[in-house]
Amino acid sequence: AAGVIQSPRHLIKEKRETATLKCYPIPRHDTVYWYQQGPGQDPQFLISFYEKMQSDKGSIPDRFSAQQFSDYHSELNMSSLELGDSALYFCASSPTRATYNEQFFGPGTRLTVL
Amino acid sequence: SQKIEQNSEALNIQEGKTATLTCNYTNYSPAYLQWYRQDPGRGPVFLLLIRENEKEKRKERLKVTFDTTLKQSLFHITASQPADSATYLCALVYYGGSQGNLIFGKGTKLSVKP
């Protein structure tokens, strides 16, 4: 079965650079979530989209922005990168907006900021 | 603010025994609670969901209980196997915006020794 696809899987950037992470949800899933997981930490909710509209916002820094496109894929744009942005970034999708349904997580993008 | 705690950072048990993981929450009354499994460097995988009006849920060797009076959920793995070794995360659904999103606990790292 198709799973959530994230690219790139690994990314190395310098401080103050910009990064773009991509997420391709499972076909027919219309809701996408982004999470950030620091080393030894739990996943922290950043932002979610439903039907291409921002649905909810968590602890996402102002330096980050995201959108969902007409084909339902989503991109997380990160600017003025800081050392503390080094983390695993997960995208998850679900077939419905209702959060009591399970979320299907991608393999993550490991971002390292030097 | 909402807080979710998993009592043990690590749990070591012998193969064949029952593993019991605890999840406590404060300052919130979630309608649903979910459990996920996460292997190192990979995205969380959904295991079980339990609703506030359900006392217990089972799936194969897994059992989850939900006590809204104690604000606690217990996650049991019976007849544990080394392949069950992973980090287990509990997550509650938080309706802070237009839809719910997940707040994760920090996880319990389970090691099952042969």
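**Here's the deal with the interface of chain B and chain A**
So, point 1. Counting residues at the interface gives 23 residues for chain B, matched by 24 residues for chain A.
So, point 2. A buried area of about 1,900 Å², summed over both sides, lies between chain B and chain A, and 49% of it is on carbon and sulfur atoms.
So, point 3. At the boundary of chain B and chain A, one finds one salt bridge.
So, point 4. For Asp 42 of chain A, the salt bridge identified is with Lys 106 of chain B, shortest N-O distance 3.0 Å.
So, point 5. Run the count over chain B and chain A and you get four residue pairs in polar contact (both at pLDDT 80 or more).
So, point 6. Of all the secondary structure elements, the ones that give two or more residues to the side of chain B that touches chain A are β4 (32–38), β5 (45–51), β9 (86–94) and β10 (101–104) of chain B.
So, point 7. It is β4 of chain B that provides the largest number of residues to the side of chain B that touches chain A, a total of four residues.

**A few points about the environment of Tyr 50 of chain A**
So, point 1. Relative to the elements of secondary structure, Tyr 50 of chain A occurs in strand β5 (residues 44–50).
So, point 2. Residues Tyr 50 of chain A and Phe 64 of chain A lie 14 residues apart in sequence; the distance between their C-alpha atoms is 18 Å.

**Looking at the nonpolar core**
One broad trend across soluble globular proteins is that nonpolar side chains are buried collectively.
So, point 1. Formed by 23 residues in total, the largest nonpolar core has its most connected members in Leu 33, Trp 35, Phe 75, Ile 77, Tyr 88 and Leu 110 of chain B.
So, point 2. Every element with two or more residues in this core is listed here: β3 (19–26), β4, β5, β7 (62–67), β8 (72–77), β9 and β11 (108–113) of chain B.
So, point 3. When neighbours within four sequence positions are excluded, Phe 75 of chain B is seen to be in contact with Ala 19, Thr 20, Leu 21, Trp 35, Leu 47, Leu 62, Lys 63, Val 64 and Tyr 88 of chain B.
So, point 4. Counting 22 residues, the second largest nonpolar core, distinct from the first, contains Leu 21, Ile 47, Ile 60 and Leu 76 of chain A.

**Focus on the state of the cysteines**
So, point 1. Scanning the model with the defined rule gives two disulfides over all chains in all.
So, point 2. Shown here is the disulfide that connects Cys 23 of chain A with Cys 91 of chain A, its sulfur atoms set 1.7 Å apart. Taking the sign of the torsion about the S-S bond as the criterion, the disulfide between Cys 23 of chain A and Cys 91 of chain A, at about -50 degrees, is left-handed. Here the residue Cys 23 of chain A occupies a position in strand β3 (residues 19–24), and Cys 91 of chain A occupies one in strand β9 (residues 87–94), the gap between them amounting to 68 residues.
So, point 3. Overall, Cys 23 of chain A belongs to the buried group, its relative accessible area being 0%.
So, point 4. Judged by its relative accessible area of 0%, Cys 91 of chain A falls in the buried class.
So, point 5. Residue pairing for Cys 23 of chain B: its cysteine sulfur links by disulfide to Cys 90 of chain B, the two sulfurs lying 2.0 Å apart. Handedness here is read from the sign of the S-S torsion; for Cys 23 of chain B and Cys 90 of chain B, about 70 degrees, the answer is right-handed. Here Cys 23 of chain B is found in strand β3, whereas its partner Cys 90 of chain B is found in strand β9, with 67 residues between them in sequence.
So, point 6. The exposure class assigned to Cys 23 of chain B is buried, which follows from its relative accessible area of 0%.
So, point 7. By relative accessible area, Cys 90 of chain B is classed as buried at 0%.

**So, the sheet that holds strand β7 (residues 64–68) of chain A**
Pairing between the strands of a sheet is mediated by backbone hydrogen bonds and can be parallel or antiparallel.
Residue and element names in this part refer to chain A.
So, point 1. With antiparallel pairing, four strands are arranged side by side in an open sheet as β1-β3-β8-β7. Either end of the sheet is taken by a strand with one partner, and the two such strands are β1 (5–7) and β7. Strand-to-strand twist of the sheet, defined as the mean angle between neighbouring strand axes without regard to direction, takes the value 15 degrees.

Here is what the cut-offs are and how they apply
- Residues numbered from 1 in each chain as written.
- Chains lettered and ligands numbered in written order.
- Predicted model: local features only at pLDDT ≥ 70, side-chain atom pairs only at ≥ 80, totals over all residues.
- Heavy atoms only, no water.
- Contact = heavy atoms within 4.5 Å.
- Buried area = accessible area lost by both parts, 1.4 Å probe.
- Salt bridge = Lys/Arg side-chain N within 4 Å of Asp/Glu carboxyl O.
- Polar contact = N/O pair within 3.5 Å; in protein donor to acceptor, adjacent residues only side chain to side chain.
- Helix = DSSP H or I, 4+ residues; strand = E, 2+ residues; numbered from the N terminus.
- Core = buried A, V, L, I, M, F, W, Y, C linked by side-chain atoms within 4.5 Å.
- Buried < 20%, exposed > 50% of the residue type's maximum accessible area, 1.4 Å probe, protein only.
- Disulfide = S-S within 2.5 Å.
- Pairing = 2+ DSSP bridges.
- Axes fitted to C-alpha atoms, helices over the stretch in contact; angles between N-to-C directions.

That is the geometry; function is a separate question.
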